[in-house]
Amino acid sequence: MTTPTSSERTPNETRANLQARGGRPRVFEKASDPRRALARLVPYLSPFKGWIALVLVFVVLYTLLGLAGPYLMGLAIDRFIGNKDVAGLVTISLVMLAAYVLNNAFQALANWIMTRVSQDALRNLRAELFAHLQTLSISYFDTHPAGGLMSRLTNDIDAINQAVSQNITSLIASILTMVGILVAMFLLNPWLALSTLLVVPIMLWFTEFVAKYTRKGFRQLQYDLGGLNSVAEEAISGQKVVKSFHRNESVIAAFRVQNEAVFKAGVNANTYALMVMPLTTVLGNFFIIVLAGMGAWLALQGLVSVGMIATFINYGQNYVSPLRQLANLYNSIQAALAGAERVFEIIDTQPEVQDVPDPLPFESIRGNVSLEAVRFGYQPEAPIIKNMTLSAKAGQTIALVGPTGAGKTTIINLLTRFYEVQEGRIFIDGKDIRQVRKADLRSKLGLVLQDTFLFSDTVMENIRYGRLDASDEECIHAAELADADPFIRRFPEGYQTVLGERANNLSQGQRQMLAIARAILADPAILILDEATSSVDTRTEARIQKALLTLMKGRTSFVIAHRLSTIRDADNVVVINHGEIVEQGTHQALLDQKGFYYNLYMSQFKGQAI
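Figured I'd write up the structure that's included with this text. None of these values were measured; they are calculated from a predicted model. Numbering of residues starts from 1 in every chain and runs along the sequence as written. Local features in this predicted model are restricted to residues of pLDDT 70 or higher, and side-chain atom pairs are both shown and tallied only at a pLDDT of 80 or more, whereas totals for entire chains, interfaces and linings draw on every residue. Side-chain metrics in this entry use all non-hydrogen atoms of the structure; hydrogen atoms and water are not considered.

Some words on the packing of helix H3 (residues 49-81) against helix H4 (residues 86-135)
Then, in step 1: All axes are obtained by fitting lines to C-alpha atoms, using only the stretch in contact for helices, and the reported angles, taken between N-to-C directions, cover 0 to 180 degrees. Helix and strand assignments come from DSSP, with helices taken as H or I runs of at least 4 residues and strands as E runs of at least 2, each series counted from the N terminus. Running from N to C, H3 and H4 point in directions that differ by 160 degrees, and their axes come no closer than 8 Å. The orientation of H3 with respect to H4, classified from their angle, is roughly antiparallel. Relative to H4, H3 is oriented so that their crossing is left-handed.
Then, in step 2: Amino acids outside the nonpolar list (Ala, Val, Leu, Ile, Met, Phe, Trp, Tyr, Cys, Pro) and the charged list (Asp, Glu, Lys, Arg) are all regarded as polar, and Gly is one of them. Of the residues in the contact of H3 with H4, the class split is 29 nonpolar, 5 polar and no charged. To sort the angles, those under 35 degrees are grouped as roughly parallel, those over 145 as roughly antiparallel, those from 65 to 115 as roughly perpendicular, and the leftovers as oblique. Crossing handedness is read from the near helix: turned anticlockwise from the far helix by less than a right angle, it gives a left-handed crossing, and turned clockwise, a right-handed one.

A word on the sheet that holds strand S4 (residues 423-428)
Strand pairing in a sheet is mediated by backbone hydrogen bonds. Such pairs are either parallel or antiparallel.
Then, in step 1: Strand pairing is assigned whenever DSSP identifies at least 2 bridges connecting the two strands. One open sheet accounts for 4 strands, arranged S2-S1-S4-S5; its pairing is antiparallel. Of all the strands in the sheet, the pair left with one neighbour each is strand S2 (385-392) and strand S5 (431-432).
Then, in step 2: Sheet analysis places strand S1 (residues 369-376) next to S4, joined by 5 bridges and oriented antiparallel. Its bridge partner lying in S4, Leu 371 is registered against Ile 426.
Then, in step 3: Between two residues, a contact is recorded if the distance between any of their heavy atoms is within 4.5 Å. Contacts from helix H12 (residues 408-415) reach S1, S2 and S4, with the element oriented near 110 degrees to S1.

Quick notes on the sheet that holds strand S8 (residues 556-560)
Then, in step 1: A sheet is described by the order of its strands in space; here 6 strands give the open sequence S6-S7-S8-S3-S9-S10, paired in mixed fashion. At either margin of the open sheet sits one strand with a lone partner, and together these are strand S6 (445-449) and strand S10 (580-585). Averaged over neighbouring strand pairs, the angle between their axes works out to 20 degrees when direction is ignored.
Then, in step 2: Sheet analysis places strand S3 (residues 397-401) next to S8, joined by 4 bridges and oriented parallel. Of the residues in S8, the one forming a bridge with Thr 397 is Ser 557.
Then, in step 3: Strand contacts of H12: S3, S6, strand S7 (526-530), S8 and strand S9 (572-577), with the helix running at about 145 degrees to S8, the strand carrying the most contacts.

Focus: the pattern of salt bridges
Then, in step 1: Salt bridges, as used here, are contacts in which a Lys or Arg side-chain nitrogen is within 4 Å of a carboxyl oxygen on Asp or Glu. In the structure shown here, the tally under the stated rule is 13 salt bridges.
Then, in step 2: Because the salt bridges share partners, they merge into one network encompassing Asp 355, Arg 417 and Glu 420.

Considerations on the side chain of Ser 139
Then, in step 1: Summarising the element assignment, Ser 139 is placed in helix H5 (residues 138-143).
Then, in step 2: Only protein chains enter the area calculation, which uses a 1.4 Å probe; residues under 20% of their type maximum are buried, those over 50% are exposed, and those in between are partly exposed. According to the relative accessible area criterion, Ser 139 is buried, its value standing at 8%.
Then, in step 3: At 3.3 Å, the side chain of Ser 139 forms a polar contact with the side chain of Glu 352.
Then, in step 4: Every residue in contact with Ser 139, bar those within four places of it in the chain, is listed here: Glu 352, Phe 418 and Tyr 419. Polar contact criterion, stated in full: a pair of N or O atoms within 3.5 Å, where within protein one must be able to donate a hydrogen and the other to accept it, and residues adjacent in sequence count only if both atoms are side-chain atoms.

Some words on the pairing of S8
Then, in step 1: Of all 5 residues making up S8, 5 are buried, and the element is well covered by its neighbours.
Then, in step 2: Alternating residues of S8 divide into Thr 556, Phe 558 and Ile 560 and Ser 557 and Val 559, and every residue in both groups is buried.
Then, in step 3: Pairing of S7 with S8, which is carried by 5 bridges, proceeds in the parallel orientation. Bridge assignment links Asp 530 to a residue of S8, and that residue is Ile 560.

Here's the deal with unusual backbone geometry
Then, in step 1: Positive phi outside glycine occurs at Asp 523, with the angle close to 55 degrees.
Then, in step 2: Inspection of the secondary structure assignment puts Asp 523 in the loop between helix H17 (508-522) and S7.

Some remarks on the side chain of Asp 485
Then, in step 1: Positionally, Asp 485 belongs in helix H16 (residues 485-489).
Then, in step 2: On the basis of relative accessibility, which here comes to 11%, the residue Asp 485 falls in the buried class.
Then, in step 3: A polar contact is formed between the side chain of Asp 485 and the side chain of Arg 489, at a distance of 3.0 Å.
Then, in step 4: Each residue touching Asp 485, except ones within four places of it in the same chain, is listed here: Ile 476, Ala 479, Glu 480 and Tyr 495.

A short note on the nonpolar core
Note on soluble globular proteins: their nonpolar side chains tend to be buried together.
Then, in step 1: To form a nonpolar core, buried Ala, Val, Leu, Ile, Met, Phe, Trp, Tyr and Cys residues must be joined to one another through side-chain atoms within 4.5 Å. Core analysis: the largest hydrophobic core is formed by 46 residues, its most contacted members being Ile 463, Ile 488, Leu 514, Ile 516, Val 573 and Tyr 597.
Then, in step 2: Element by element, the count of residues in this core is highest for H17, at 8 residues.
Then, in step 3: Contacts of Val 573, omitting those with residues within four sequence positions, involve Ala 399, Val 401, Ile 567, Glu 583, Gln 584, Gly 585, Thr 586, His 587, Leu 590 and Tyr 597.

Notes on the packing of aromatic side chains
Then, in step 1: Between the rings of Phe, Tyr and Trp (Trp by its six-membered ring), a pair exists once the centres lie within 6.5 Å; its type follows the angle of the planes, with under 30 degrees stacked, over 60 edge-to-face, and the other angles tilted. All told, the structure shown has 10 aromatic pairs when counted by the stated rule.
Then, in step 2: With a centroid separation of 5.9 Å and 75 degrees between ring planes, the pair formed by Phe 487 and Phe 491 is classed as edge-to-face.
Then, in step 3: Assessed through its relative accessible area of 17%, Phe 491 is described here as buried.
Then, in step 4: Members of the aromatic cluster, joined through ring pairs, are Phe 376, Tyr 378 and Tyr 419.
Then, in step 5: In this structure, Arg 40 is placed above the aromatic ring of Phe 344, and the distance from its NZ or CZ to the ring centre is 4.3 Å. When the NZ atom of lysine or the CZ atom of arginine is within 6 Å of a ring's centre and also within 35 degrees of its normal, the charge is said to sit over that ring.

Let's talk about the environment of Asn 285
Then, in step 1: With respect to the secondary-structure elements, Asn 285 resides in helix H10 (residues 248-300).
Then, in step 2: Residues Asn 285 and Gly 316, 31 residues apart in the sequence, show an inter-C-alpha distance of 8.6 Å.

And the structure:
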């Protein structure tokens, strides 16, 4: 993929790249507008509202069954144990058993259905997010690190999944349980129930207090983990540089510093998190002590029975668990809503380069290309291309030469509509390229770039990427024309050999030849070669040049080359400096002028015959 050169990049892109390398990783936060994030998630669940309604019924049922257990226990004590009614005790024990079995059965069913619903909904959300990413302009990817986008596709979607599939049902059940326990207590005995009001506010305050500091602690931990991951990723991906400059000890030291920060943040965060269990247990025991004390006094007054006290103590124990769950669920749900915001931020982003409502037909073209007074800058106030006018007739080879940062690659970015011109127009066969569909335009263009991207797939499928409906025979013929067939057949599995990540099991020259084969298979009307031979040795360059000549035959070609020896036969050499055309003509004519191009050429071949 073509991107701006270092001198053409925007400050936003530089900041994004620094962030991707771990200078300051993104801090994990809660949603800035939780209600809006939740409202955006609801439509993804609406197709499953029947199943969700069934889940809610199951949640209510298993919550009520859970509340029935303590009541039945108190009833057993008062009516059957005291009266030594064995038959009645067996009956109520079976009823209790049935209640608890059904409680677990309904809970399992609710969780299973909710898991299926959430996976279906998030599959649709994930697919929409990925599909929308494919519509965004190259400028978006130039200014957003790939790691951050991958995090939204994986981590943020997973956070939403955790909340929807598990925590939503737990949240509803916890709230229903707490409300149900309070209601049951007041219905059974208002005096004992009033005694709980002394403890409940303390428990709620404590839960919010711990949740607040736990949230801060885990935010810092997430921040430091981001830094640690970035240091590790850089050290692993840059092993050649690390080893070349003997910087093993320095990267170990950097990792050690960041690892220590993670250690301290982890201890701090988990200290607060681990406080929840013992302290809520203490408060729960205090709750039970209050109930037992108040119950004992009321029992001595003859106002309550022993079974009633047992029921209240059981309810008190059951009250602590959902309260503790709510503290944990709060952070999880906030994380999910924050993740949803980041996902919808991408979905709401509109591509900068868009098709017009009624595009012009763009089927068969000859390949006449012209630029008329084109102006463009990655930052509008700092133009890279300045009032450029250029034309290429069908079948011509146009060489773009000039110093780094002159704007050569930017011209390619505009021709392919990776970026849109800010002033002026670009025509192909007399049609403004902004008036045709992007897909139609790019289907007529073939790119062979310096940094060839090949997929982790077979050699055959990488060539077929140029035209997905091509047969194996057509792919092999394209490889033969690109002079790639001999080295492919030397592989153990030939064309079925699976390439490694980024084709790291191939040489640079082999990768370029596969890219040329892919372009030959695509059969474009206009060919763009961006430094296609700059990273290979002279012998390999000669082979690639032979393949390129086959590819360029009969096509309009734009060639960017720093090795000026590769463009001797170009029909027109366009010399660009600071975004302007300073010279143009044939190779020999420009040398005869002894101007800018002559100086460039002589700086490369000083002392050699021209």
